[in-house]
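Results of the structural survey
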Amino acid sequence: MEGMYLNQNRSYAASLASIEEARERICRIIRKTPVLSSETLNSIAGRKLLFKCECFQKGGAFKFRGATNALFSLKDEEAAKGVVTHSSRNHAAALALAAKLRGVPAYIIIPKNAPSCKVQNVIRYGGKVIWSEATMQSRETTAAKVVDETGAVLIHPYNDARIIRIHDYASGQGTIALELLEEFPHIDTIIVPISGGGLISGVTLAAKSINPAIRVLAAEPKGANDAALSKAAGTIIRLPETQTIADGLRASLGDLTWPVVRDSVDDVITVEDVEIVAAMRLCYEILKVVVEPSGAIGLAVVLSESFQQNPAWKGCNNVGIILSGGNVDLGMLWDSFPR
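As the structure is a computational prediction, the values presented were derived from the model and not from experiment. (Residues numbered from 1 in each chain as written. Predicted model: local features only at pLDDT ≥ 70, side-chain atom pairs only at ≥ 80, totals over all residues. Heavy atoms only, no water.)

Description of the sheet that holds strand E6 (residues 153-154)
This is how the line gets drawn: Pairing between two strands is assigned when DSSP locates at least 2 bridges connecting them. Strands here mean DSSP runs of E at least two residues long; helices mean DSSP runs of H or I at least four residues long; both are numbered from the N terminus.
One open sheet accounts for four strands, arranged E5-E4-E3-E6; its pairing is parallel. Taken across any chain shown, the strands that pair with only one partner, and hence form the sheet edges, are strand E5 (128-132) and E6. With two bridges connecting them, strand E3 (residues 83-86) and E6 associate as parallel partners. Bridge pairing in E6 links valine 84 to leucine 154.

What to know about the pattern of salt bridges
For side chains of opposite charge, pairing can occur when their charged atoms come near one another. How we decide: Whenever a carboxyl oxygen of Asp or Glu lies within 4 Å of a side-chain nitrogen of Lys or Arg, that contact is scored as a salt bridge. When a residue's accessible area, from a 1.4 Å probe over protein chains only, is under 20% of the maximum for its type it is buried; when over 50% it is exposed; and in between it is partly exposed.
Applying the stated criterion to the full structure yields 13 salt bridges. As a salt-bridge pair, glutamate 179 and arginine 65 come within 2.9 Å of each other at their nearest N and O atoms. One end of the pair, glutamate 179, is in helix H8 (residues 166-183); the other, arginine 65, is in helix H3 (residues 63-72), and 114 residues separate them in sequence. Taken as a pair, glutamate 179 and arginine 65 share a single burial class, namely buried. In this structure, aspartate 266 engages lysine 208 in a salt bridge whose closest nitrogen and oxygen atoms are separated by 2.8 Å. With aspartate 266 in the loop between helix H11 (258-264) and strand E9 (267-271) and lysine 208 in helix H9 (residues 198-210), the pair connects residues that are 58 residues apart, well separated along the chain. The exposure class assigned to aspartate 266 is buried, which follows from its relative accessible area of 9%.

Digging into the pairing of E3
This is how the line gets drawn: With strands facing away from the observer, any crossover in which the path from the first strand over the helix to the second runs clockwise is taken as right-handed.
Side chains Val83 and Thr85 of E3 all project onto a buried face; the interleaved residues Val84 and His86 project onto the opposite face, where all are buried too. Note: E3 against strand E4 (residues 106-111), four bridges, orientation parallel. The residue bridging histidine 86 from the neighbouring strand is isoleucine 109, located in E4. In this fold, the crossover linking E3 to E4 by way of helix H5 (residues 90-102) has right-handed handedness.

As for helix H12 (residues 273-287)
As a reminder of what qualifies: Expected helix span is given by 1.5 Å per residue-to-residue step, counting one fewer step than there are residues.
Here H12 contains 15 residues, and its C-alpha end-to-end distance of 20 Å stays within 8% of the 21 Å for a straight helix at 1.5 Å per residue. Within H12 the residues assigned to the buried category are Ile276, Val277, Ala279, Met280, Leu282, Cys283 and Leu287. Where H12 terminates, the next one or two residues include lysine 288, which has phi positive at roughly 60°.

Some details on the side chain of lysine 231
Filter applied, for reference: The charged-residue count follows a simple rule in which Lys and Arg add positive charge and Asp and Glu add negative charge, with His and chain termini not counted at all. N or O atoms closer than or at 3.5 Å make up a polar contact, with two conditions inside protein: a donor-capable atom paired with an acceptor-capable one, and, for residues adjacent in sequence, both atoms drawn from side chains.
For lysine 231, the position within the fold is in helix H10 (residues 226-233). Buried charge lysine 231 goes without a salt bridge, the closest partner of opposite sign being aspartate 267 at 6.9 Å. One polar contact links the side chain of lysine 231 to the main-chain carbonyl oxygen of valine 265, over a distance of 2.6 Å.

Structural notes on the confidence of the model for the protein
Put simply, the rule reads: pLDDT expresses how confident the predictor is about each individual residue, on a scale running from 0 to 100. Should any heavy atoms of two residues lie within 4.5 Å, those residues are considered in contact.
Per-residue confidence for the protein gives a mean pLDDT of 91, with 91% of residues at or over 70. Note that pLDDT drops below 50 for residues 160-164; the model gives that stretch 12 contacts with residues more than four away or on any other chain.

Right under this line is the structure:
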């Protein structure tokens, strides 16, 4: 099956040119992450798997690329008063670390139900933690108040045309695909976790600009399957609530990332939490890599019946999998393993 092509007549969140500019801007700051493989996992999957290990990125996740590109794109006078965001996930720590490296304050709005390990990362990197209630309304209201009080620039986790600098953020994430395809140009499929859509937007736009026939598949938990529902319906579907162990994949697609998913992502494949946990275990025991649930979902997809039994993906022989992060709450992980 041929991959979906980019619509060259549309304007998207990033372009190959902006992604290449992002790489030049951030290459001396980020870590070029390794690509690992395992003959054992290849045998289990029935195809060649290449794991892009963003769990080894600074800050422990891919988010550092987009956060660094967005922050270092600011003019000195813009950055001087700092940056603010609201996040319970890896974006919070990534922005705190990027701000520390630029020498500006980072005000991080964190809901009270955030995973402890991710809160500690923000504190470790010098971010100023400001608590909010767990609702999106509370997070956004608190962030707006901090912006008014400090004059800091809001860097949204994934989607806001007024302030996110989505062009910069998605471009930063797209550098993952540049690195992966330069090292392994024979890859015919890339599997990418999907949540708000910033990662898959950048990766898709870069990959399909380099190789228009490449397939890009989104990996999503069944308990947070708004992207799959949206792709099927042809319009954004919002879920009233989500329920998944993959805490990094509970956000909804944004208006700015949705067009890339709609037009150019080949499919969205969903898996159960039990499949995600099983994939995490394989990463730990065979690949010898620490991943969080959101990071392991790509392997869960390639091993799933939905992927293995679908004739459309029979030709996916060289598969790149983005291990998006490794900031795992070990208590949660231990509780998730069957005894």
